[in-house]
Amino acid sequence: MQPGPKVLAYFLGNENLPITDTLLASWLLVILLILFAYILKKRLKIVPGRIQAAVEIILAFVESQIESMLPGEGRKFLPFIGTIFIFVGVSTVFGLIPGLVNPTGDINTTLGMALMVFLYSQYLGIKRKGVGTYIKGFFEPIFLMFPMNVLGELAKPISHSFRLFGNVVGGGIIITLLYQFFPWFIPVPLHFWFDIFSAFIQVLIFGMIAISYISVAISD
Amino acid sequence: MININWTLIWNVINFFILMYLLKRFLYQPLLEVLDKRTAKIEGDLKAAADEKEEARLLKEQYEAEMARAREKALEIIAEAEMRGKERAREIINEAKEEARRIREKNLEEIQLAREEARAQLKEEIATISLFIAGKYLQEQLQKEQQLQLIEKYINSLDRGKLGEV
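Residues numbered from 1 in each chain as written. Chains lettered and ligands numbered in written order. Predicted model: local features only at pLDDT ≥ 70, side-chain atom pairs only at ≥ 80, totals over all residues. Heavy atoms only, no water.

**Side note on the pattern of salt bridges**
Once the charged atoms of two side chains with opposite charge are near each other, the side chains can pair.
Part 1 of the argument: The full count for this structure, using the stated rule, is 15 salt bridges over all chains.
Part 2 of the argument: For A:R128, the salt bridge identified is with A:E73, shortest N-O distance 2.8 Å. Of this pair, A:R128 sits in helix α4 (residues 107–129) while A:E73 sits in the loop between α2 (50–69) and α3 (74–94), and the two are 55 residues apart along the sequence.
Part 3 of the argument: Linking B:E98 and B:R101 is a salt bridge whose minimum nitrogen-to-oxygen distance equals 2.5 Å. Remark: B:R101 and B:E98 occur in helix α1 (residues 7–160); sequence separation between them is three residues, near one turn of the helix.
Part 4 of the argument: Residue B:R101 is classed as partly exposed on the basis of its relative accessible area of 43%. (Salt bridge = Lys/Arg side-chain N within 4 Å of Asp/Glu carboxyl O. Helix = DSSP H or I, 4+ residues; strand = E, 2+ residues; numbered from the N terminus. Buried < 20%, exposed > 50% of the residue type's maximum accessible area, 1.4 Å probe, protein only.)

Below you can see the structure in the form of structure tokens.
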């Protein structure tokens, strides 16, 4: 058993550009999501249907989460945070479809997201506070804290990405092990636990942490 | 298991493409719909409130008009009653006046008739009196004549026959 992404091919034959099963899954996911959004857009109505209502509830939930930490900026950050919620959320349950894997079971996916959040929050911090105040923030509350603050900041994307990655992979490993011992009964509730329940909690945590990093970065 | 490679960049690119397209296909149109719905609901609620207010005003106006109409009706009835009473009084007065007039006229006529009757009676009495007087006189004369005749006769008798008696 070899958990983790499997390399299926190499882009242009270059060994530095592997195409993994998680990458394929995330491409497929992006295409499906875009198609879904496109079809939904064509059918948007003032009086919503079931699917539109469900999507509205999800987006309203995300917006309310943003609003709770970044008051008045829910609309502004909705595309970024909403896409994180949708992409990570769907990725985490994608593995339930036979033959597909969870893109979030690949550290490259979660780290990519986490680095984006990190860079975006740093950018917003510099933009809102100005470079001087931004750099000064690393010397708070006293000068000696500078290395700790820098480390703390750099640790953010790592903890952010590994938390989700670890949970998804850990759940996957446990299920894989149990498949070998109890192939018929046990995996079903465990799939529910790891791929649905735990996954949604992890997605929620991932999204909330993204919002809180942005919130911390732009707050005075 | 942990192998950081180009998949990371690919996934970031994926994410940006997804974000851009979802923004175009999902967030913006959906938020527009939500805003439209909010505007529509607010508009509908406002319209409903306006209509309710309008209905309330109309009701108030209607009730006020009804009250005014009732008052007016009462006024009209009272006025009609008053006018009726006045008219009745007038009619009664007129009738009384007429009755008085008729009575006076009748009295006058009676008086006149009486006067006339009295005059006539007087005349008749005079005539009768004259007549009676005449008669009486005539009778008296006749009586005297008769007495004379009787006396004459007696006298004649006396002379002729009395001796025999």
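**Here we look at the nonpolar core**
Part 1 of the argument: If you look at the biggest cluster of nonpolar residues, it comprises 55 residues, and the most contacted ones within it are A:I66, A:F80, A:I81, A:I84, B:F15 and B:L26.
Part 2 of the argument: If one sorts the elements of this core by residue count, α1(B) sits on top with 14 residues.
Part 3 of the argument: Beyond its immediate stretch of four places on either side in the chain, A:F80 contacts A:M116, A:V117, A:Y120, A:I214, B:F15 and B:M19. (Core = buried A, V, L, I, M, F, W, Y, C linked by side-chain atoms within 4.5 Å. Contact = heavy atoms within 4.5 Å.)

**What to know about the packing of aromatic side chains**
For any two aromatic rings, the description comes down to two numbers: the centre-to-centre distance and the angle of the planes.
Part 1 of the argument: This model, assessed by the stated rule, comprises 14 aromatic pairs over all chains.
Part 2 of the argument: Here A:F139 and A:F146 contribute two aromatic rings whose centre-to-centre distance is 4.5 Å and whose plane-to-plane angle is 10°, an arrangement assigned as stacked.
Part 3 of the argument: Look at B:F15 and B:F16: their rings are 6.0 Å apart centre to centre, the planes differ by 80°, and that puts the pair in the edge-to-face class.
Part 4 of the argument: Residue class for B:F15 comes out buried when judged on its relative accessible area of 0%.
Part 5 of the argument: A relative accessible area of 41% means that B:F16 is categorised as partly exposed. (Phe/Tyr/Trp six-rings, centres within 6.5 Å; stacked < 30°, edge-to-face > 60°.)

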